Amino acid sequence: MDFLMSGLAACGACVFTNPLEVVKTRMQLQGELKAPGTYQRHYRNVFHAFITIGRVDGLAALQKGLAPALLYQFLMNGIRLGTYSLAEARGYLHTAEGTLSPPRSAAAGALAGVMGAYLGSPIYMVKTHLQAQAASEIAVGHQYKHQIFPPQTWKVALVAAMVSGIAVVLAMTPFDVASTRLYNQPTDARGKGLMYRGILDALLQTARTEGIFGMYKGIGASYFRLGPHTILSLFFWDQLRTLYYTYTK
């Protein structure tokens, strides 16, 4: 569960920070191996880069490389944070006296980080190639012509559905936990709940007593249930629309 929670948390953050990763990649490739003043600066600063990419490449370009970025974050952070949590749970970070050992903690953190970075490096390379792709007038660095999926393919819908499944689970699991407990709580003779007054009370009590992670209990089972359901629903919806428009033209 530590691996899954760590990976999902990193994916949630990645959806919001990926545009900054696109800007960072473009600015780092700008003027590669050229002396200052000998090349055209397409991106003067972070804000100018955002505006330029959105105006020339389109707003969708700010999320270029999102699919490999999500996979990279899930793999790297799932391994890095999950491995460290596992070492902590097994007691490897403590001395024989039960006190926390800084050298062991540092070693476990370093080892977990190396494992995550090593396994995620090929995916990071693909992400970088995709994020560097730009229209010729603002292109920087070498322009690879990778295309993960051809246009109008079912694979695009499948990947989009997988990403949306992660977002849905992260957003809805606390409410799912609260509703499950509301339905399952004991009641008095008039059918009034004895533990929670309503959905907000259930959320607050859970957060106060069990912490933030208590609100995400069962998130693994939720994704393996809701994830495939969301993926298949959006996939079939997209395919049915394609068939409809194909045969009604």
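To keep things clear, this report deals only with the structure shown in the data block. (Residues numbered from 1 in each chain as written. Predicted model: local features only at pLDDT ≥ 70, side-chain atom pairs only at ≥ 80, totals over all residues. Heavy atoms only, no water.)

Counting 12 residues, the largest nonpolar core is built from Leu4, Met5, Leu8, Cys11, Cys14, Leu66, Ala69, Leu70, Ile166, Val169, Ile219 and Tyr223. Put simply, the parts of the chain that give this core at least two residues each are α1 (2-29), α3 (66-89), α5 (154-184) and α7 (219-248). For this core, the element with the highest residue contribution is α1, accounting for 5 residues. Leaving out residues up to four positions away in the same chain, Leu8 has contacts with Phe74, Ile166, Leu170 and Ile219. If you look at the next biggest cluster of nonpolar residues, it comprises 10 residues, including Val22, Val23, Ala49 and Ala134. (Core = buried A, V, L, I, M, F, W, Y, C linked by side-chain atoms within 4.5 Å. Buried < 20%, exposed > 50% of the residue type's maximum accessible area, 1.4 Å probe, protein only. Helix = DSSP H or I, 4+ residues; strand = E, 2+ residues; numbered from the N terminus. Contact = heavy atoms within 4.5 Å.)

This paragraph deals with the pattern of salt bridges. Applying the stated criterion across every chain, the model contains 6 salt bridges. A salt bridge links Glu21 to Lys24; the shortest N-O distance between them is 3.4 Å. Linking Glu21 with Lys24, this pair stays in helix α1, spanning 3 residues, or about one helical turn. With relative accessibility at 30%, the residue Lys24 sits in the partly exposed group. (Salt bridge = Lys/Arg side-chain N within 4 Å of Asp/Glu carboxyl O.)

One can find Gln30 in the loop between α1 and α2 (46-56). With residues up to four places along the chain from it excluded, the contact list for Gln30 reads Tyr39, Gln40, Arg41, His42, Tyr43 and Val140.

Its identity as a non-glycine residue notwithstanding, Leu33 has a phi of 55°, on the positive side. Among the secondary structure elements, Leu33 is positioned in the loop between α1 and α2. Using a relative accessible area of 86% as the deciding quantity, one classes Leu33 as exposed.

Packing of α3 against helix α4 (residues 102-132) leaves a shortest axis separation of 8 Å and a crossing angle of 175°. Viewed along their axes, α3 and α4 adopt a mutual orientation that is roughly antiparallel. Partitioning the contact of α3 with α4 into residue classes produces 17 nonpolar, 7 polar and 2 charged. (Axes fitted to C-alpha atoms, helices over the stretch in contact; angles between N-to-C directions. Parallel < 35°, antiparallel > 145°, perpendicular 65-115°, else oblique. Nonpolar A, V, L, I, M, F, W, Y, C, P; charged D, E, K, R; others polar.)

With that settled, the discussion passes to the side chain of Ser101. Along the chain, Ser101 turns up in the loop between α3 and α4. The exposure class of Ser101 is buried, given its relative accessible area of 9%. Once you skip the residues sitting within four places of it in the chain, Ser101 turns out to touch Leu93, His94 and Thr95.

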